[in-house]
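The chain contents come next:
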Amino acid sequence: MSKRIQMSPGLAGPYKAMIALEGEVVRAAREHGLDKSLLELVKIRASQLNGCAFCLDMHTRDAVKGGEEPRRLYVLSAWRETELFTEQERAALELTEAVTRLSVTQDVPDDVYDRATAVFTEPQYQALVWAIITINTWNRLAVPSHAPLPS
């Protein structure tokens, strides 16, 4: 893999703004009762779809440290085929896939939206979508720069 210019923390202003955005999203998610483990699943699933090794490495390690069962992480890319995920987690993962694939889907389908809003309050839904947007942005910074894994 070729060495590339690193985007983070290349330009201090935008990098600091991303860090601040991440902090605000996490704060809002916690304030509205979204589980840290659910947010890690969302970050991992989006990073799987985007092929971001750096974020996959970071968030799977964070999830395990936070008490996530490794077995669920092993099958996360095939979550629909298991009974290992709650209704709320399933709705979040489905929404993550729709938002992450907007270039293909061009929208969040009504049935996906309906399932998500059936299990999340309006502020939870808003925080969840912000979390999805934020991890997709981090992925879009790490992937083109071939961000190296920490040793």
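Placed above this text is the structure.
Every value quoted in this text rests on a predicted model; they were computed, and no experiment measured them.

Novice: I'm lost on unusual backbone geometry in this one. Help?
Specialist: Most of the time, phi is negative for any residue but glycine, and the peptide bond is trans. The backbone of Q106 sits at a positive phi, close to 65°, despite the residue not being glycine. One can find Q106 in the loop between α6 (102–105) and α7 (110–119). Taking relative accessible area as the criterion, Q106 reaches 62% and is therefore assigned exposed. For H146, which is not a glycine, the phi torsion comes out positive at approximately 50°. Structurally, the position occupied by H146 is in the segment after α8 (122–142).

Novice: For this particular structure, what's the right way to read the nonpolar core?
Specialist: Taken as a class, soluble globular proteins show a tendency for nonpolar side chains to be buried jointly. By size, the foremost hydrophobic cluster in this structure holds 22 residues, and its most contacted members are L34, L38, L95, F120 and L128. Mapped by element, the contributors of at least two residues to this core are α1 (12–31), α2 (36–50), α5 (87–100), α7 and α8. Of the residues forming this core, the biggest block, six residues, is contributed by α8. Aside from chain neighbours lying at most four places away, what touches F120 is L34, L38, Q88, A91, A92, Y125 and L128.

Novice: Hey, could you run me through the packing of α1 against α8 in this one?
Specialist: Between two packed helices, what matters for the description is the angle formed by their axes and the separation of those axes. In contact at an axis separation of 9 Å, α1 and α8 are set at 150° when each is read in the N-to-C sense. For the element pair α1 / α8, the angle class is roughly antiparallel. In this structure, α1 crosses over α8, and the sense of that crossing is left-handed. Counting all contacts with α1, which are made through Y15, M18, I19, L21, E22, V25, A28 and A29, the residues of α8 involved are A127, W130, A131, T134, T137, W138 and L141. Here the residues of the contact of α1 with α8 sort into 12 nonpolar, two polar and one charged.

About the thresholds
Residues numbered from 1 in each chain as written. Predicted model: local features only at pLDDT ≥ 70, side-chain atom pairs only at ≥ 80, totals over all residues. Heavy atoms only, no water. Helix = DSSP H or I, 4+ residues; strand = E, 2+ residues; numbered from the N terminus. Buried < 20%, exposed > 50% of the residue type's maximum accessible area, 1.4 Å probe, protein only. Core = buried A, V, L, I, M, F, W, Y, C linked by side-chain atoms within 4.5 Å. Contact = heavy atoms within 4.5 Å. Axes fitted to C-alpha atoms, helices over the stretch in contact; angles between N-to-C directions. Parallel < 35°, antiparallel > 145°, perpendicular 65-115°, else oblique. Left-handed = near helix turned anticlockwise from the far one by under 90°. Nonpolar A, V, L, I, M, F, W, Y, C, P; charged D, E, K, R; others polar.

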